[in-house]
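Summary of the model geometry
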Amino acid sequence: MIAPAAALPELPALYRLCVRAVALGREQGLRGLYDVTDFAARLALSEQPLLGSLLSGRLLGELDPSNDFHRQLALTALAFLDNGRRLDQTAAALFTHPNTVRYRLGRLRQITSTSLTDGDSGPLDGLHWWWALTSWLTRG
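Scoring rules and cut-offs
Throughout this document, residue positions are counted from 1 along each chain, in the order its sequence is written. Where totals are concerned, whole chains, interfaces and linings use all residues; where local detail is concerned, this predicted model gives features only for residues with pLDDT of at least 70, and gives and counts side-chain atom pairs only at 80 or more. Processing note: side-chain calculations cover all non-hydrogen atoms of the structure and skip hydrogens and water entirely. Helix numbering and strand numbering both begin at the N terminus, where a helix is a DSSP run of H or I of at least 4 residues and a strand a DSSP run of E of at least 2. Only protein chains enter the area calculation, which uses a 1.4 Å probe; residues under 20% of their type maximum are buried, those over 50% are exposed, and those in between are partly exposed. What makes two residues a contact is simply this: any of their non-hydrogen atoms within 4.5 Å. A 1.4 Å probe and the Shrake-Rupley method give the accessible areas. Residues count as covered only by the protein chains that appear here. Positive charges are assigned to Lys and Arg, negative charges to Asp and Glu, while His and the chain termini are left out of the count. Charge placement uses NZ in Lys and CZ in Arg. For Asp and Glu, CG and CD serve respectively. What qualifies as a polar contact is a pair of N or O atoms within 3.5 Å, subject to a donor-acceptor requirement within protein and to the restriction that residues adjacent in sequence count only when both atoms come from side chains.

Looking now at the overall build of the protein chain. Along its length, the protein chain carries seven helices and zero strands. Mapped in sequence order, the helices and strands of the protein chain form the string α-α-α-α-α-α-α. When its C-alpha atoms are laid out on the principal axes, the protein chain stretches across 50 × 30 × 30 Å. For the protein chain, buried positions account for 34% of its 140 residues. Here the contacts in the protein chain between residues at least 6 apart in sequence split such that 63% fall between residues at least 24 apart. Here the protein chain has roughly 8,400 Å² of accessible surface; of this, 57% comes from carbon and sulfur atoms. For the protein chain, the separation between the mean place of its 14 positive charges and that of its 13 negative charges on side chains is 4 Å.

Next up, the structure:
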């Protein structure tokens, strides 16, 4: 784990952040050299599980974690976000057809009454979706 240069008074907090990022990387099976800032969203997610749960409830409340199809919908939505909301790249990542991705996102919208493609679709909207989906998938 590497971190940017910091002033002496900031070092203890930066050290704790790096230690937490290393532990989180190990938990998630990550190997290699990372900048601590690469873990910003992961660290926030791990430190605020209640907030993740609230986002999941708001955006994904109708999904059933025990339903395999619902899990597939959530995984597809997460892949869609990870691939810059691009159907073609998401389909390639999932080894499926873009129409399948489109269908799954449509079913997610029908079930949850929310959509990854509606709204402002800005960075915070995407972050909320990513946080909600990641929290929901790790709980179920």
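This part covers the side chain of Asn83. With respect to the element layout, Asn83 can be found in the loop between helix 4 (68-82) and helix 5 (87-94). Separated by 2.8 Å, the side chain of Asn83 and the backbone oxygen of Ala79 make a polar contact. Among residues more than four places away in sequence, those in contact with Asn83 are Gln89, Thr90 and Ala93.

This part takes up the environment of Leu54. Along the chain, Leu54 turns up in helix 3 (residues 49-60). Sequence separation of Leu54 and Ser135 is 81 residues, and the distance between their C-alpha atoms is 9.5 Å.

With phi around 55 degrees, Phe95 is a residue other than glycine that occupies positive phi space. Along the chain, Phe95 turns up in the loop between helix 5 and helix 6 (98-112). Residue Phe95 is classed as exposed on the basis of its relative accessible area, which comes to 79%. Phi at Ser113 takes a positive value of approximately 60 degrees, unusual for a residue other than glycine. Among the structural elements, Ser113 can be located in the loop between helix 6 and helix 7 (123-139). The exposed category is assigned to Ser113, whose relative accessible area is 64%.

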